[in-house]
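Residues per chain, in single letters:
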Amino acid sequence: MLEMRAIDKRFDAVVALKGARLNSSPGEIRALLGSNGSGKSTMIKVLAGLVAPNGGLILLDGKRAAIHSGVDSRKLGIATAFQDLSLIPTMSVTENILLGNEPLRAGGFVDKKKARQTIRELLDRFHIDCDPEAYVQTLTPSTQTMLEVAKAVSLNPRMLLLDEVTAALHYDEIQVLFQILRELKAQGLAIVYVTHRMKEVFEICDTATIMRSGETVIDAPVPELTLDDIVYYMTGQRPEVAASASEMDVAQEGETVVDVRDLEVYPKVWGISLKAYKGEIVGIGGLQGQGQPEFIRALLGAEKVATGSIDFCGRKLSLKSPADAVRMEIGFVSGERGREAMFPLRTVQENITAGKVAKGNVGEYMTPKSLRAFANQAVDKYNIKIGELRDPASSLSGGNQQKLVIARWIAMNPVLLLLDDPTRGVDVHSRREIHKILRQCTDEGMTVIISSSDNEELLDISDRIYVFYEGSVSDVLSGEGKTADRLVAAMMGMGAANQKGGDQ
Amino acid sequence: MSQRLQQGFSQFRKNPAFAGFVLFAFTILLNAVIQGPGSFFGVRRLNTLIYTSLPFLLVVMAQSVLLLSGTMDISVGVQVALVNVVTIMTMQEWGLSFILACGLGIGAAIIASLVCWLLVSVLRLPALLASFALTYAIRGVNVLIMSVAQGKVPREFYRPYQSAIFDMVPASILALVLALLVWAYVRRTRFGTNIYAVGANPRNAFAAGINPAKVQLQAFMLKGLFVGMAGICLTLVTASGNPTQAEDYGIRSLAACIIGGLSFGGWGSMACGVFGGSFLILTQNAVEFSFRRLGVLIPGFTASTYWQNFVSDIIIFLGLLMTMVTAKGQREALRINLQNSVMFKRRAAHGK
């Protein structure tokens, strides 16, 4: 019924899709699989009309379909449940589900009575227990996700796209969802199902399309695939026999700098313990949204810790704000340069010296000469490509901007440096230089905790990798156990920790 | 009965218009106390108060429509003056009838609104800056059309507007009722829900098959209509033309909306705007009266209008502070509720 051929999509320099393809037929549930950044979500967004592809062809019933907006997509009978949800938090459940599709009566009035009935039936069908007049923002994330799916189904589509909807759902909700999906499949809907949970693929999907770095690697019926096959197609490497022993409790030489025990930060982090030693680079891996940013921000004092403890250099750490963290010699580099780290309109020099300035006393006098010397030294040492020190920071390339931010913190010589996905959208060359800088620093005794969405980067740079899954640590990789396939398996929640403790 | 009343009250407390209503009720009380209920609620005085403040109230309604759809226009004040000068001048120079001139006046307000829509929704300029710049452009147009205050309105039009029907109901209030009816209808159409969706989150609205620019276009048209009505009412109040009047309506209408409980984008209701606007009007009224009374009680006491504005603005500022406190309380209750239910579910899932 639907065929996507040779779809290309570039976001500036980043290639999201190159020649990707996807087929879908009525009465079939197709799994769309791939690791982070492989282009699954982009494919879904192309079909939903949120992303316009640079090239390629979409055929519906053999005819060329032009999808330029959400309206076009709906008209073609395509309904989408988005991973990041498309609900309006300040509107009621009823208004949200019927948005753009309200039943009307004479005079253009919205038919409230009919709307109420439709909603009641829909909520019953999905076993959603909530007040139809409640504002969506007052509902739990899992209820919101169920509503997102219910909203898509309520459009009576020919084709249903589900983008990682089960990530926020609980076991019983998933069972309800699967029951409905089976009914819809029997009615002849074409369903595309994006997920990271392998168990679900084998439970409900008929066929699978696996993507890797923007390309479609294979189309196959699910019964013909094994878990090993899927991991192989996703990573390009055959998984070896799973490592026998867990390295969870490997003793490490050296002085403990950070000791986190059973940290909980609501609603994303659920009991994480982590240790980092002096001069070590600790990597944090995992799929998107498994609690990595919240964990790092909790170390920084930007998120409120619910329970658990953080020891820093042998003392209990209780931070009220990032400013406290800076005082304790903790540095932080965010992946979101624009929002959290840089002053794009100020000069390169001001950007480099900002941290030093913040650390000193308010009234402390700094000579222009000393500031310039300080900035020059940083630029030379970290090989930042700039025009002039007085150029605005926005004139630098993305990679150099990020080096600038890192340089600012390193110049303050913190004991612990936290980096949250620092190389997102940074080119390979700058990335390598950033790695080199970090290595230099740890050689001088700094401790680095880095989270990254890029597996290669993690394997490359980290001494040990903590893999997060649903707000807990699913595996810790180090030494020989630091392999791509084990990392991917742990990201899917199939880590040593989970196997040992049994699945939730 | 009392239980249902209680339930109704707790429902109303959660309503975004609650804070605005409290302020509104407070100023009614304040006026009644300092002027004496018999005097304040007297037909003549109330009539004058309503027909003079109606233009502002209509402008607040216009601004509310825009705020709900996630945008704003602070040039509404000079647009009211634009309606006034277009109406008066087309009547005076071209010899048009008053009714026809009013139609042209409303048309001018809608055209001005479309220009603002073009800048804000199509060219995506920041709404505050774009409409601020537009203020000066429209003021220029106003002065070009009418250089100095002049003109008059036929008696048979402004007299009925300023009168009270059967000496009971101010006739001018019909204009407000008309505007509220228009809004009540719009709110119950698809456009009514789309306004909220676009205001709260344009991207999600787009994903749901709504065209945000189109919804904002409709919102600007509706706002143009309300501003047009306000302009006509102002013309009937002053019964003459003045190119530089009502300029502060723009920023004051924004303040009224915020005090009433509207926030930028998709939160609140028209009632918020109406209560907020009424609060502003009644505050000013009470302060003016008090200063007049002081002048009578203390011989030789005089205070410039600056002092009056100073006092009334302080009261308005306090009102604004109060809305922040209530909004914070609402948010906090929401957060705790949500956190508890999430924790409960997660703990159940983890078997803790």
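Residues numbered from 1 in each chain as written. Chains lettered and ligands numbered in written order. Predicted model: local features only at pLDDT ≥ 70, side-chain atom pairs only at ≥ 80, totals over all residues.

With respect to the overall build of chain B
Move 1: A count of helices and strands for chain B gives 15 helices and 2 strands.
Move 2: For chain B, with 352 residues in total, the buried portion stands at 45%.
Move 3: Partitioning the intrachain contacts of chain B with sequence separation of at least 6 by distance along the chain shows that 79% fall at a separation of at least 24. (Helix = DSSP H or I, 4+ residues; strand = E, 2+ residues; numbered from the N terminus. Buried ≥ 20, exposed ≤ 12 C-beta atoms within 10 Å, placed from the backbone. Contact = placed C-beta atoms within 7 Å.)

With respect to the overall build of chain A
Move 1: In terms of helices and strands, chain A carries 18 helices and 20 strands.
Move 2: Among the 504 residues that make up chain A, the fraction classed as buried is 47%.
Move 3: Looking at chain A alone, contacts between residues at least 24 apart form 67% of all its contacts between residues at least 6 apart.

Comments concerning the interface of chain A and chain B
Move 1: At the junction of the two partners, chain A supplies 32 residues and chain B supplies 28 residues.
Move 2: At the level of elements, helix H2 (70–75) and helix H5 (141–153) of chain A are the ones that each hand at least two residues to the side of chain A that touches chain B.
Move 3: At 3 residues, the largest contribution of residues to the side of chain A that touches chain B is made by H2(A).
Move 4: The residue makeup of the side of chain A that touches chain B, split by class, is 17 nonpolar, 12 polar and 3 charged. (Nonpolar A, V, L, I, M, F, W, Y, C, P; charged D, E, K, R; others polar.)

Details of the domain arrangement of chain A
All names here are of chain A.
Move 1: Assigned domains of chain A: these are domain 1 (2–235), domain 2 (243–329 + 413–504) and domain 3 (342–411).
Move 2: Counting from both sides, the interface comprises 14 residues of domain 2 and, opposite them, 12 residues of domain 3.
Move 3: A per-element tally of the side of domain 2 that touches domain 3 places helix H15 (residues 428–443) first, with 6 residues.
Move 4: Partitioning the side of domain 2 that touches domain 3 into residue classes produces 8 nonpolar, 4 polar and 2 charged. (Domains from an automatic or database assignment.)

Quick notes on the sheet that holds strand S16 (residues 330–334) of chain A
All names here are of chain A.
Move 1: One open sheet accounts for 6 strands, arranged S16-S17-S18-S13-S19-S20; its pairing is mixed. In this open sheet, the two edge strands, each paired with only one partner strand, are S16 and strand S20 (472–478). Averaged over all pairs of adjacent strands, the angle between their axes in this sheet comes to 15°, without regard to strand direction.
Move 2: Across 6 bridges, strand S19 (residues 464–469) lies against S20 in antiparallel orientation. Note on S20: the bridge partner recorded for isoleucine 465 is leucine 477. (Pairing = 2+ DSSP bridges. Axes fitted to C-alpha atoms, helices over the stretch in contact; angles between N-to-C directions.)

Here's the deal with the sheet that holds strand S12 (residues 269–277) of chain A
Residue and element names in this part refer to chain A.
Move 1: The sheet built from 4 strands is open, its strands ordered S12-S11-S14-S15 with antiparallel pairing. Two strands bound the open sheet, and with one partner strand each, they are S12 and strand S15 (315–316).
Move 2: Contacts between helix H9 (residues 292–300) and the sheet are confined to strand S11 (256–265), S12 and strand S14 (307–312), with S11 contributing the most and set at about 120° to the helix.

Some remarks on the environment of A:Ala106
Move 1: Mapped onto the elements of the fold, A:Ala106 is located in the loop between helix H3 (93–98) and helix H4 (112–125).
Move 2: As for A:Ala106 and A:Leu147, which are separated by 41 residues in sequence, their C-alpha atoms are 28 Å apart.

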